[in-house]
Amino acid sequence: AQSVTQLDSQVPVFEEAPVELRCNYSSSVSVYLFWYVQYPNQGLQLLLKYLSGSTLVKGINGFEAEFNKSQTSFHLRKPSVHISDTAEYFCAVTDPGSNYQLIWGAGTKLIIKP
Amino acid sequence: DSGVTQTPKHLITATGQRVTLRCSPRSGDLSVYWYQQSLDQGLQFLIQYYNGEERAKGNILERFSAQQFPDLHSELNLSSLELGDSALYFCASSAVVGPQETQYFGPGTRLLVL
């Protein structure tokens, strides 16, 4: 069965520094990948998704992610973070084997230090 | 604002009681998902409805049930509540079902069982 691993439960980073949030999934067969963001006291919101085509996906708020099939990874990056990026970030994957239900990672809290 | 509404925002009740959480999907969305988010379990998919029919079941307890009505709003019923049911319950909706779907999340209902 498909599974998603977000290795870091928290990532502290200084404002204006770059950040990478890691996501690995278990199976590389026809996967579709998503990053959602949850701001404090809010629901989740789609940041970006990979369905096919270019392996570099650009999302909202300056975020991008790269699909790496050989490493079964979909890491999220931002070149320069802002205090408003403080949130929890969730990686999710779906595939035919899971009947296209989203399988969620445990989330990574991005903590921006001033 | 995702367009998904959930009521109530907060709910405090006692063990053994029954509560009903309500969700109105975005206009035109046929699919509704329910999730539970707790500190120890993370984000757990509970159940999905599509146009009034149950489509997929996740980690939903037998004490919990849901339905989607003809006007497409959905209700999640939680009964014989236990302390461990205290969590944030999210509803999400999507227009289509399939790998390309984007789920739009409501603000959640925070349930506290005392």
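Scoring rules and cut-offs
- Residues numbered from 1 in each chain as written.
- Chains lettered and ligands numbered in written order.
- Predicted model: local features only at pLDDT ≥ 70, side-chain atom pairs only at ≥ 80, totals over all residues.
- Heavy atoms only, no water.
- Buried < 20%, exposed > 50% of the residue type's maximum accessible area, 1.4 Å probe, protein only.
- Helix = DSSP H or I, 4+ residues; strand = E, 2+ residues; numbered from the N terminus.
- Pairing = 2+ DSSP bridges.
- Core = buried A, V, L, I, M, F, W, Y, C linked by side-chain atoms within 4.5 Å.
- Contact = heavy atoms within 4.5 Å.
- Phe/Tyr/Trp six-rings, centres within 6.5 Å; stacked < 30°, edge-to-face > 60°.
- Patch = residues over 30% accessible without salt bridge, like charges linked within 9 Å, V, L, I, M, F, W, Y side chains within 5 Å.
- Areas by Shrake-Rupley, 256 points an atom, 1.4 Å probe, with all protein chains shown as cover.
- Salt bridge = Lys/Arg side-chain N within 4 Å of Asp/Glu carboxyl O.

Undergrad: Where do I start with the pairing of strand β12 (residues 108-113) of chain A in this structure?
TA: Looking down a regular strand, the side chains alternate between one sheet face and the other. Residue and element names in this part refer to chain A. Residues of β12 alternate between two faces, with T108, L110 and I112 buried on one and K109, I111 and K113 left unburied on the opposite face. Across five bridges, strand β2 (residues 10-14) lies against β12 in parallel orientation. Bridged to V13 within β12 is I112. In this sheet, β12 lies alongside strand β10 (residues 87-94) in antiparallel orientation, the contact comprising three bridges. Bridge pairing links E88 to K109 in β12.

Undergrad: What's the story with the environment of P114 of chain A in this structure? I'm lost.
TA: Following the sequence through the fold, P114 of chain A ends up in the segment after β12. Along the primary structure P114 of chain A and V13 of chain A are separated by 101 residues, whereas in three dimensions their C-alpha atoms are 8.8 Å apart.

Undergrad: How do you make sense of the pairing of strand β6 (residues 53-57) of chain B when you look at a structure like this?
TA: All names here are of chain B. Sheet analysis places strand β5 (residues 42-50) next to β6, joined by four bridges and oriented antiparallel. Its bridge partner lying in β6, Y49 is registered against E54. In textbook terms, the turn of a hairpin is the stretch between consecutive antiparallel strands, and for β5 and β6 this stretch comprises two residues, one of which, N51, has a positive phi near 50 degrees.

Undergrad: What should I look at first to understand the nonpolar core in this one?
TA: The tendency in soluble globular proteins is for nonpolar side chains to be buried as a group. Residues and elements named next belong to chain A. Counting 28 residues, the largest nonpolar core has W35, L48, F74, L76 and Y89 as the members making the most contacts within it. Examining the composition of this core, we find that four residues originate from one element, β10, more than from any other. With residues near it in sequence (within four places) discarded, L76 still touches V19, E20, L21, W35, L47, L48, F63, E64, A65 and Y89.

Undergrad: Please explain the packing of aromatic side chains as it appears in this structure.
TA: Between two aromatic rings, the relevant description is the distance of the centres plus the angle of the planes. Under the definition given, this model contains 13 aromatic pairs over all chains. For the ring pair Y36 of chain A and F105 of chain B, a centre distance of 5.7 Å and an interplane angle of 70 degrees mean the geometry is edge-to-face. Placement of the pair is Y36 of chain A in strand β5 (residues 32-38) and F105 of chain B in strand β10 (residues 104-105), with the two residues belonging to separate chains. F105 of chain B shares its class with Y36 of chain A; the two are buried. Each ring, one from W104 of chain A and one from Y35 of chain B, has its centre 5.7 Å from the other, and the planes form 90 degrees; the classification is edge-to-face. Here W104 of chain A, found in strand β11 (residues 103-104), pairs with Y35 of chain B, found in strand β4 (residues 31-38), and the two come from separate chains.

Undergrad: Just checking my understanding: could you explain a nonpolar patch on the surface for this structure?
TA: Residue and element names in this part refer to chain B. A surface patch of nonpolar side chains, amounting to about 310 Å² of accessible area, comprises I12, L112 and L114. Inspection of the secondary structure assignment puts L114 in the segment after β11 (109-113). Assessed through its relative accessible area of 57%, L114 is described here as exposed.

Purely geometric numbers; function is a separate question.
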